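Below, each chain spelled out in residue letters.
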Amino acid sequence: MKSTFLYIATALLLSACNSISLKPGTMEKGSVVYTDRGGYTMRRSIKDELERRGYTVLVGTVKNTKSSADVSQEYSEVPKNARYYVKVAERSEKFRPIWCVFNGVWWWNYNVSVTDQKTGIELMTWRARGCADSSMRLLRRTMDKLETDSTK
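Everything in this summary refers to the structure shown in the same document. (Residues numbered from 1 in each chain as written. Predicted model: local features only at pLDDT ≥ 70, side-chain atom pairs only at ≥ 80, totals over all residues. Heavy atoms only, no water.)

Turning to the pattern of salt bridges, a few remarks are in order. Throughout the structure, instances matching the rule amount to ten salt bridges. Here Glu28 ties to Arg83 by a salt bridge, and the two come within 3.2 Å at their closest N and O atoms. Of this pair, Glu28 sits in the loop between strand 1 (16–22) and strand 2 (32–35) while Arg83 sits in the loop between strand 5 (72–76) and strand 6 (84–90), placing them 55 residues apart in sequence. (Salt bridge = Lys/Arg side-chain N within 4 Å of Asp/Glu carboxyl O. Helix = DSSP H or I, 4+ residues; strand = E, 2+ residues; numbered from the N terminus.)

Among the eleven residues that make up strand 8 (residues 106–116), nine are buried, leaving the element largely enclosed by the rest of the structure. One ladder, built from seven bridges, connects strand 6 with strand 8; its direction is antiparallel. Residue pairing in the sheet places Val86 in a bridge with Val114 of strand 8. Where strand 7 (residues 94–95) meets strand 8, two bridges bridge the pair, whose relative direction is antiparallel. Each bridged residue has a counterpart across the sheet, and for Lys94 the counterpart in strand 8 is Trp107. Pairing geometry for strand 8 and strand 9 (residues 122–131), over nine bridges, is antiparallel. What sits directly across from Ser113, in strand 9, is Thr125. Where strand 8 hands over to strand 9, the hairpin turn is made up of five residues, of which Gly120 adopts a positive phi near 80 degrees. (Buried < 20%, exposed > 50% of the residue type's maximum accessible area, 1.4 Å probe, protein only. Pairing = 2+ DSSP bridges.)

Counted by the stated rule, this structure contains four aromatic pairs. Relative to Tyr110, the ring of Trp108 has its centre 6.5 Å away and its plane inclined at 75 degrees; by these criteria the two rings are edge-to-face. Given a relative accessible area of 5%, Trp108 falls into the buried group. Centre to centre, the rings of Tyr110 and Trp126 are 5.1 Å apart; their planes meet at 90 degrees, and the pair counts as edge-to-face. Of this pair, Tyr110 sits in strand 8 while Trp126 sits in strand 9, and the two are 16 residues apart along the sequence. Assigned by exposure class, Tyr110 and Trp126 land together as buried. Chaining the aromatic ring pairs together yields one cluster made of Trp108, Tyr110 and Trp126. (Phe/Tyr/Trp six-rings, centres within 6.5 Å; stacked < 30°, edge-to-face > 60°.)

Printed below as a string of structure tokens:
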């Protein structure tokens, strides 16, 4: 019994490793946000959360493609009306039913950056790995801090 409790407590304490730096109250609700196409679950979840909060989310359209025998690269341009650019770098999610048993069973590993295109200032950097549900809870809390409060 004692060892089971210790195992569960240790698993919960280590279930997420996050490093977030942000400038609170700097993102205007309802603005246009640009992000890259595709991605794994975190990129899709961020797009969904931004849309749920009232942002207009634009995804990249390919402008130029360079190809050679070994390498194919696509380039896209950030639209002029996009106020913010959200960059998500992530690894494929891992199925971890024991580690993330109470947190969505999927393990995510990702980096997120939010930049204000108008000022050129990076508003948030977030390097993390963790279970799906706890990552989404942290995303919502972080967005709450990042957004301006229009009621003040």
